Amino acid sequence: MTTAEDCEIIEIPKIKDPRGNIAVVEKDVIPFETKRVYYLYDVPSDASRGGHAHKNLQQFLIALSGSFDVILHDGENQKKITLNKPNKGLLIKSEIWRELENFSSGSVCLVLASDVYKEEDYIRNFNDFKLFKTR
Ligand code: TYD
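The rules behind these values
Residues numbered from 1 in each chain as written. Predicted model: local features only at pLDDT ≥ 70, side-chain atom pairs only at ≥ 80, totals over all residues. Heavy atoms only, no water. Core = buried A, V, L, I, M, F, W, Y, C linked by side-chain atoms within 4.5 Å. Buried < 20%, exposed > 50% of the residue type's maximum accessible area, 1.4 Å probe, protein only. Helix = DSSP H or I, 4+ residues; strand = E, 2+ residues; numbered from the N terminus. Contact = heavy atoms within 4.5 Å. Near = heavy atom within 4 Å. Polar contact = N/O pair within 3.5 Å; in protein donor to acceptor, adjacent residues only side chain to side chain. Areas by Shrake-Rupley, 256 points an atom, 1.4 Å probe, with all protein chains shown as cover. Pairing = 2+ DSSP bridges. Axes fitted to C-alpha atoms, helices over the stretch in contact; angles between N-to-C directions. Phe/Tyr/Trp six-rings, centres within 6.5 Å; stacked < 30°, edge-to-face > 60°. Lys NZ or Arg CZ within 6 Å of the ring centre and 35° of its normal.

### Let's talk about the nonpolar core
Okay, step 1: By size, the foremost hydrophobic cluster in this structure holds 19 residues, and its most contacted members are V70 and L72.
Okay, step 2: Mapped onto this core, the elements with two or more residues apiece are β6 (59-65), β7 (68-73), β8 (78-83), β9 (88-92) and β11 (108-113).
Okay, step 3: Of all the elements, β7 adds the most residues to this core, at 3 residues.
Okay, step 4: With sequence-adjacent residues up to four places away left out, V70 is seen in contact with L61, K79, K80, I81, L83, L90, I92, E99 and L100.
Okay, step 5: With 10 residues, the next largest nonpolar core counts V29, F60, L91 and L112 among its residues.

### Here's the deal with the site of the ligand
Okay, step 1: The immediate surroundings of the ligand are formed by R36, Y38, L40, R49, G50, H52, Y117, Y122 and R124.
Okay, step 2: Contact distances for the ligand include 2.5 Å between an oxygen atom and a side-chain N or O atom of R36.
Okay, step 3: Take R124: an N or O atom from its side chain is 2.9 Å from an oxygen atom of the ligand.
Okay, step 4: In isolation the ligand exposes 520 Å². Once the protein is present, 62% of that is buried.

### Digging into the sheet that holds β6
Okay, step 1: Within the open sheet, the 5 strands sit side by side as β1-β9-β6-β11-β4. Their pairing is antiparallel. Two strands lie at the open edges of the sheet, namely β1 (9-11) and β4 (36-40), each paired on one side alone. Averaged over all pairs of adjacent strands, the angle between their axes in this sheet comes to 30°, without regard to strand direction.
Okay, step 2: Bridge count for β4 against β11 is 5 bridges, and the pairing is antiparallel.

### Brief notes about the packing of aromatic side chains
Okay, step 1: Across all of its chains, the model carries 6 aromatic pairs by this definition.
Okay, step 2: Here the aromatic rings of W97 and F126 are separated by 5.2 Å at their centres, their planes lie at 80°, and the arrangement is edge-to-face. Residue W97 is located in strand β10 (residues 97-101), and its partner F126 is located in helix α1 (residues 126-133); the two are separated by 29 residues in the primary sequence.
Okay, step 3: The exposure class of F126 is partly exposed, given its relative accessible area of 26%.
Okay, step 4: Here the aromatic residues W97, F126 and F129 are joined through ring pairs into a cluster of three or more.
Okay, step 5: The ring of F132 is capped by R135, whose NZ or CZ atom sits 4.0 Å from the centre of that ring.

Next up, the structure:
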């Protein structure tokens with residue numbers, strides 16, 4: 001069973017340069033092939049995003065700018081991770097409930113996803129999620 005502990009921070013290789021750095025998420029940095037890229041921006045500081053799990057989808061979240069908290073729950077345990085560096089991303093495996101909150105002003109959350117958008121892959125009710133985990 002996937003647990004919150006299986007979700008890890010992955011350092012993104014960067015090319016340091018006095019003119020500005022480049023961080024590159026190339027094949028092998030994350031354990032899936034990216035099929036979709038989207039980003040959250042203009043998020044009010046009191047807003048909460050997420051609030052769901054995915055049956056199969058894996059995601060890699062990067063705070064391109066600013067910071068926000070990610071709360072991961074595996075049905076039994078939870079952990080909170082703050083993302084605030086553009087060269088460190090959070091791998092969220094499938095079957096993990098997530099909430100995103102505490103967005104700083106101007107923050108941008110980039111998401112690399114292992115599949116295209118499929119509503120049927122979502123579990124949007126926490127009790128359904130807990131049942132799914134103990135199936
Ligand atoms: P959702 O994934 O619930 O947002 P978040 O987890 O960031 O809070 O998506 C919000 C809405 O946007 C929902 O109606 C589905 C739609 N949506 C798409 O149509 N395509 C996408 O790739 C994403 C991520 C969301």
